[in-house]
Amino acid sequence: MVQAPAPGRPWWAVLTLTSKFAPSGRVVQSASKPVAAPGQTVEGPFATRALAMAALHGPVAGGPPHISPPNLLGGIDAVGHFFANLTDRQTVVRVAEVTLGMLLLLIGAAALVKDTPMGKAIYSAAMKTSGTAALLPK
């Protein structure tokens, strides 16, 4: 048996984006806006159930526009911007500044500890592992 809607309570349209990226929706009647789960959009309030249903399927005269599904693929745009910015002149300058700064910090730290027992241990470990020992002062 279907319960009769409570008078005076607004209707809400809840659009859900399924795993197959096919939107589906439902309408609910609630005194307050329902909490949207991940992948859901809540629109409303609507005065009638018909207006809420129409909002799920298309624009209504005097009502809000059609509900668009949430964008779950927004991160792809960020990846594209990242690769586009790799060739930007300012990005190349910043990467060079950071690299040079880290190299200067490494050389400074090596100069500070070169005659201490810890510095000798670091230098001998660097000699054993790779060619980075050439950067460290003797």
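The structure presented is a predicted model; accordingly, all values stated were derived computationally and were not measured. (Residues numbered from 1 in each chain as written. Predicted model: local features only at pLDDT ≥ 70, side-chain atom pairs only at ≥ 80, totals over all residues. Heavy atoms only, no water.)

A. Quick peek at the overall build of the chain. The number of helices and strands found in the chain is 4 helices and 3 strands. For the chain, the succession of helices and strands along the chain, N to C, is β-β-β-α-α-α-α. The 138 residues of the chain split such that 19% are buried. Sequence-distant contacts in the chain: of pairs separated by 6 or more residues, those separated by 24 or more amount to 45%. For the chain, the exposed area adds up to about 10200 Å²; of that, 67% sits on carbon and sulfur atoms. (Helix = DSSP H or I, 4+ residues; strand = E, 2+ residues; numbered from the N terminus. Buried < 20%, exposed > 50% of the residue type's maximum accessible area, 1.4 Å probe, protein only. Contact = heavy atoms within 4.5 Å. Areas by Shrake-Rupley, 256 points an atom, 1.4 Å probe, with all protein chains shown as cover.)

B. Structural view of the nonpolar core. Residues Trp-11, Ala-13, Leu-15, Val-27, Phe-46, Ala-52, Ala-55 and Leu-56 constitute the largest nonpolar core, which totals 8 residues. Of all the secondary-structure elements, those providing two or more residues to this core are β1 (11-17) and α1 (49-57). (Core = buried A, V, L, I, M, F, W, Y, C linked by side-chain atoms within 4.5 Å.)

C. Fine view of the packing of aromatic side chains. Going through the model one piece at a time under the given rule, you end up with 1 aromatic pair. A ring pair is formed by Phe-82 and Phe-83, whose centres lie 5.2 Å apart and whose planes are at 70°; its orientation type is edge-to-face. (Phe/Tyr/Trp six-rings, centres within 6.5 Å; stacked < 30°, edge-to-face > 60°.)

D. Broad picture of the side chain of Ser-30. Along the chain, Ser-30 falls in the loop between β2 (23-29) and β3 (40-46). Exposure remark for Ser-30: the relative accessible area of 19% places this residue in the buried category. A distance of 2.7 Å separates a polar side-chain atom of Ser-30 from the backbone oxygen of Ser-32. With sequence-adjacent residues up to four places away left out, Ser-30 is seen in contact with Arg-9, Pro-10 and Trp-12. (Polar contact = N/O pair within 3.5 Å; in protein donor to acceptor, adjacent residues only side chain to side chain.)

E. Fine view of a nonpolar patch on the surface. Together, Leu-100, Leu-103, Leu-104, Leu-106 and Ile-107 make up an exposed nonpolar region whose accessible area comes to about 450 Å². Positionally, Leu-103 belongs in helix α3 (residues 89-113). (Patch = residues over 30% accessible without salt bridge, like charges linked within 9 Å, V, L, I, M, F, W, Y side chains within 5 Å. Salt bridge = Lys/Arg side-chain N within 4 Å of Asp/Glu carboxyl O.)

F. Local environment of the confidence of the model for the chain. A residue-level look at the chain finds 70% of positions with pLDDT of 70 or above and a mean pLDDT of 75. Taking the mean pLDDT of every element in the chain, the minimum, 76, falls on β2 and the maximum, 90, on α3. Low pLDDT, under 50, characterises residues 60-64; the stretch is placed with 5 contacts to residues that sit more than four places away or in other chains. (pLDDT = per-residue confidence, 0-100.)

G. Inspection of the side chain of Gln-29 at higher detail. Mapped onto the fold, Gln-29 is located in strand β2. Gln-29 sits in the buried class, given a relative accessible area of 19%. At a separation of 2.9 Å, a polar atom in the side chain of Gln-29 contacts the main-chain carbonyl oxygen of Arg-9.

H. Looking closely at the environment of Pro-10. Position of Pro-10 among the secondary structure elements: in the segment before β1. For the pair Pro-10 and Gly-44, spaced 34 residues apart in sequence, the C-alpha to C-alpha distance is 8.0 Å. Every residue in contact with Pro-10, bar those within four places of it in the chain, is listed here: Val-28, Gln-29, Ser-30, Ala-31, Pro-45 and Phe-46.

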